[in-house]
Amino acid sequence: MRLKVRTLRQAVKGDLRIEFVPQHLTSYGGLELVRRYVRKLELVVRLRTALAAIPSDYGSARLALLVMSLFYVGARRLEHLQYLVGDPLVGRFCGLARLPSSRTVSNWLKQFTQATLAPLVQLNHDLVVETLGAWRLPRLTIDVDGTVVCTGAQVQWAFRGFNPHHRKHLSYYPLLAHVAQTGHILRVKNRPGNVHDSKQAVAFVRELIDSVRVGLGRALPLEFRMDAAFFQREILRLLAARGCAYAIKVGYWSWLPLKQLAAERRDWLPLAPGVTGFDHRLTIPQWGVDVRVMIYRKHVRHASRKNFQLDLFSPDDGHFEYYAVATNMALSLPALFAFVCGRGAQEKTIAELKGEFALDVVPTNHYAANSAWQQLSVLAHNLIRSFQ
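Just so it is clear, the structure is predicted and the values come from calculations on it, not from any experiment.

Chemist: I'm lost on the nonpolar core in this one. Help?
Modeler: The nonpolar side chains of a soluble globular protein tend to be buried with one another. Counting 58 residues, the largest nonpolar core has L47, Y72, W108 and F112 as its most contacted members. Of all the secondary-structure elements, those providing two or more residues to this core are helix 1 (30-40), helix 2 (43-50), helix 3 (60-72), helix 4 (88-94), helix 5 (102-109), helix 6 (114-135), strand 6 (185-189) and helix 13 (367-387). Grouped together as the second largest cluster of nonpolar side chains are 49 residues, L186, L238, I284 and V293 included.

Chemist: Would you mind showing me how to read helix 5 here?
Modeler: Each turn of an α-helix holds 3.6 residues, which means side chains three or four residues apart point in the same direction. Taken as a whole, helix 5 has its buried residues at V105, S106, W108 and L109. Each buried residue of helix 5 sits inside an arc of 160° when the element is viewed along its axis, so together they form one side. Buried residues along helix 5 sit against helix 3 and helix 13.

Chemist: Any chance you could explain the pairing of strand 12 (residues 319-327) here in plain terms?
Modeler: In terms of residue burial, strand 12 counts as a mostly covered element, since 8 of its 9 residues are buried. Here strand 8 (residues 245-249) runs beside strand 12; their pairing, made up of 3 bridges, is antiparallel. Bridge pairing in strand 12 links A247 to T327. In terms of strand pairing, strand 11 (residues 289-300) meets strand 12 through 9 bridges, oriented antiparallel.

Chemist: Honestly, the sheet that holds strand 3 (residues 159-160) in this entry has me stumped. Any pointers?
Modeler: The strands making up a sheet associate through backbone hydrogen bonding, with each pair oriented either parallel or antiparallel. Pairing is antiparallel across the open sheet formed by 3 strands, whose spatial order is 2-4-3. Only two strands of the sheet have a single neighbouring strand rather than two, namely strand 2 (149-150) and strand 3. Looking at chain direction, strand 2 and strand 4 (residues 170-172) are connected through 2 bridges and run antiparallel. Note on strand 4: the bridge partner recorded for V149 is Y172.

What counts and how
- Residues numbered from 1 in each chain as written.
- Predicted model: local features only at pLDDT ≥ 70, side-chain atom pairs only at ≥ 80, totals over all residues.
- Heavy atoms only, no water.
- Core = buried A, V, L, I, M, F, W, Y, C linked by side-chain atoms within 4.5 Å.
- Buried < 20%, exposed > 50% of the residue type's maximum accessible area, 1.4 Å probe, protein only.
- Helix = DSSP H or I, 4+ residues; strand = E, 2+ residues; numbered from the N terminus.
- Arc of directions from axis to C-beta.
- Contact = heavy atoms within 4.5 Å.
- Pairing = 2+ DSSP bridges.

Take a look at the structure:
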């Protein structure tokens, strides 16, 4: 039996009365507060515009809010919708009188393409930029990194690649841009699992810089932190040409003299407890690049598992793990070390995205549908960050 469209939706015109008395709250009572915040942002109207090309009897904006409500109430998969049927606050949050089945939402996600996904990506970016603009930050620090999302064997564009914990599993390898000051995710781009971490990173960073400066102005200083996979000639030239500061880890590759510099060094300056280092002006003739590099070492109580570390072992001073960071920032060595260490905060944000907002869930076997799921996961996370 086909239901009439008007029986699927409901109008929400007023606010529920909220009393902070534990025995009177439902398990999803906080959704009413989030709903008021969503209405203040006019998110339904903006979602309707961004998803205009994705038809649905339920309304694409309402279905997007329904998927986001799954993350807010602790559900992780589309199959968990069956446990929310009849819940008045969930229906009120997404504006639905009747919740769809998991298959209906899955089929809706499968309508996405890369072209129809772009407005949703832009909406997420605009919401974050609006929040950052209201806070008037003195500078913006962006961490760029990839993360592994394991998939099933029949998922489109899922391949075996970098996956240290599950080496034989197929996976995606999305690229994320994390705002260090606030914990927002400015942008996420899904990728097949067999690509190098820096694949498509140049275009990703270029679009990121341009869109941030359009929204926040060119006077705002931009800083980037990345791991060694992004130490590429094109990325260094792009950041230098756009006037962006950066601190990028450098691998101890055989064609760079980092190991020799560390072995010959006798005077190591203290940077932090158990950490010493020095800086050096490194010329890379293959790239035609001259860059400042900080080489530092951390004292450990065990022999390092990295092969090149064994060549630098001396029984006189113990075991160390060696690292290098390329930068164009005029910071002192202790300040630069502290700045580089701050990059670890993004790992907590990514862990929160995977654990609380189901970023690591693959709901369908369609690549664009799974990319849309990632965008909705990040959108839900960013809204809660701004709400907090």
